[in-house]
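Here are the chains, one letter per residue:
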Amino acid sequence: MPSNKTQADSSKMDRIVAEARRNRELRERDYREQALKIYPWVCGRCAREFTRANVLQLTVHHKDHNHDNNPPDGSNWELLCIYCHDNEHSRYLDSAGRGEAARGDEQDAPSTYKAFADLKARLKGKQ
Ligand SMILES: [Zn+2]
Ligand SMILES: [Zn+2]
């Protein structure tokens, strides 16, 4: 029955999604622990200091915003309090919007290529 198949598919999807989420959570806990070992418990923006009691409010920010980039020396991590971290990400979203426009510029590349092809043809004509 089609309805049964759909149900099976969606529960499989749920499992995959749940597994991906769990993996991500495990990984995040892992690099967070690492970052807390390497860096002093101080927010990199507002310089608020943290202790064991409130360290949950201290989060790991990825400087290049790529959560998969976790060098063991911590060079891509920055400890930020949840407020400064939020701020950081809303700023990033703004610049990501501008990045979109920059990508649009890249699409002009083929015309440059065409110009070179033209030049080649013209050079050929001269010979
Ligand atoms: Zn802060
Ligand atoms: Zn971040």
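Scroll up to find the structure.
Chemist: Explain the coordination of the zinc ion (ligand 2) to me, using residue names and the numbers behind them.
Modeler: When a metal holds four donors in a tetrahedron, each ideal angle between them is 109.5 degrees; when it holds six in an octahedron, the ideal angles are 90 or 180 degrees. For the zinc ion (ligand 2), every protein donor is listed as His-61 (ND1), His-85 (NE2) and His-89 (NE2), and the spread of their distances is 2.0 to 2.1 Å. Site description for the zinc ion (ligand 2): donor spacing in sequence, H-x23-H-x3-H. With His-61 in strand β1 (residues 58-62) and His-85 in helix α2 (residues 82-106), this residue pair connects regions lying 24 residues apart in the sequence. For His-85, a relative accessible area of 13% corresponds to the buried category.

Chemist: Lay out unusual backbone geometry in plain terms, naming residues and giving numbers.
Modeler: Residues other than glycine seldom take positive phi values, yet Ala-47 does so here, at roughly 65°. With respect to the secondary-structure elements, Ala-47 resides in the loop between α1 (2-38) and β1. Even without being glycine, His-65 reaches a positive phi, approximately 65°. By secondary structure assignment, the location of His-65 is in the loop between β1 and β2 (77-81).

Chemist: Give a detailed account of the pairing of β2, specifying residues and quantitative values.
Modeler: Where burial is concerned, most of β2 is hidden: 5 out of the 5 residues are buried. Side chains Trp-77, Leu-79 and Cys-81 project from β2 onto one buried face, and the interleaved Glu-78 and Leu-80 project onto a second face that is buried too.

Chemist: Tell me what's going on with the side chain of His-61, and back it up with residues and numbers.
Modeler: Judged by relative accessible area, which is 1%, His-61 ranks as buried. Within polar-contact distance, the side chain of His-61 engages the side chain of His-89 at 3.3 Å. Apart from the residues within four sequence positions on either side, His-61 is in contact with Asn-76, Trp-77, Glu-78, Leu-80, His-85, Glu-88 and His-89.

Chemist: Go over the pattern of salt bridges, please, and point to the residues and values.
Modeler: This model, assessed by the stated rule, comprises 4 salt bridges. Across the salt bridge formed by Asp-68 and Arg-27, the nearest N and O atoms sit 2.9 Å from each other. Here the residue Asp-68 occupies a position in the loop between β1 and β2, and Arg-27 occupies one in helix α1, the gap between them amounting to 41 residues. Asp-68 sits in the exposed class, given a relative accessible area of 55%. Owing to a relative accessible area of 35%, Arg-27 belongs among the partly exposed residues under this scheme. Between Glu-88 and Arg-45 there is a salt bridge; the shortest N-O distance is 2.9 Å. Pair noted here: Glu-88 is in helix α2 and Arg-45 is in the loop between α1 and β1, with a separation of 43 residues, a long-range link. Here Arg-45 falls in the partly exposed class, since its relative accessible area comes to 39%.

Chemist: Got a sec to walk through the pairing of β1? Specific residues and values, please.
Modeler: Within β1, 5 of the 5 residues are buried, which leaves the element mostly enclosed by the surrounding structure. Looking at chain direction, β1 and β2 are connected through 5 bridges and run antiparallel. Looking at the pairing, Leu-58 lines up with Cys-81 of β2.

Chemist: Tell me about a nonpolar patch on the surface, and please be specific about residues and values.
Modeler: There is a patch of nonpolar side chains on the surface, built from Met-13, Ile-16 and Val-17 and spanning about 260 Å² of accessible area. Position of Met-13 among the secondary structure elements: in helix α1. We classify Met-13 as partly exposed; its relative accessible area is 48%.

What counts, and at which threshold
Residues numbered from 1 in each chain as written. Chains lettered and ligands numbered in written order. Predicted model: local features only at pLDDT ≥ 70, side-chain atom pairs only at ≥ 80, totals over all residues. Heavy atoms only, no water. Donors = N, O, S within 2.8 Å, 3.2 Å for Na, K, Ca; no water. Helix = DSSP H or I, 4+ residues; strand = E, 2+ residues; numbered from the N terminus. Buried < 20%, exposed > 50% of the residue type's maximum accessible area, 1.4 Å probe, protein only. Polar contact = N/O pair within 3.5 Å; in protein donor to acceptor, adjacent residues only side chain to side chain. Contact = heavy atoms within 4.5 Å. Salt bridge = Lys/Arg side-chain N within 4 Å of Asp/Glu carboxyl O. Pairing = 2+ DSSP bridges. Patch = residues over 30% accessible without salt bridge, like charges linked within 9 Å, V, L, I, M, F, W, Y side chains within 5 Å. Areas by Shrake-Rupley, 256 points an atom, 1.4 Å probe, with all protein chains shown as cover.

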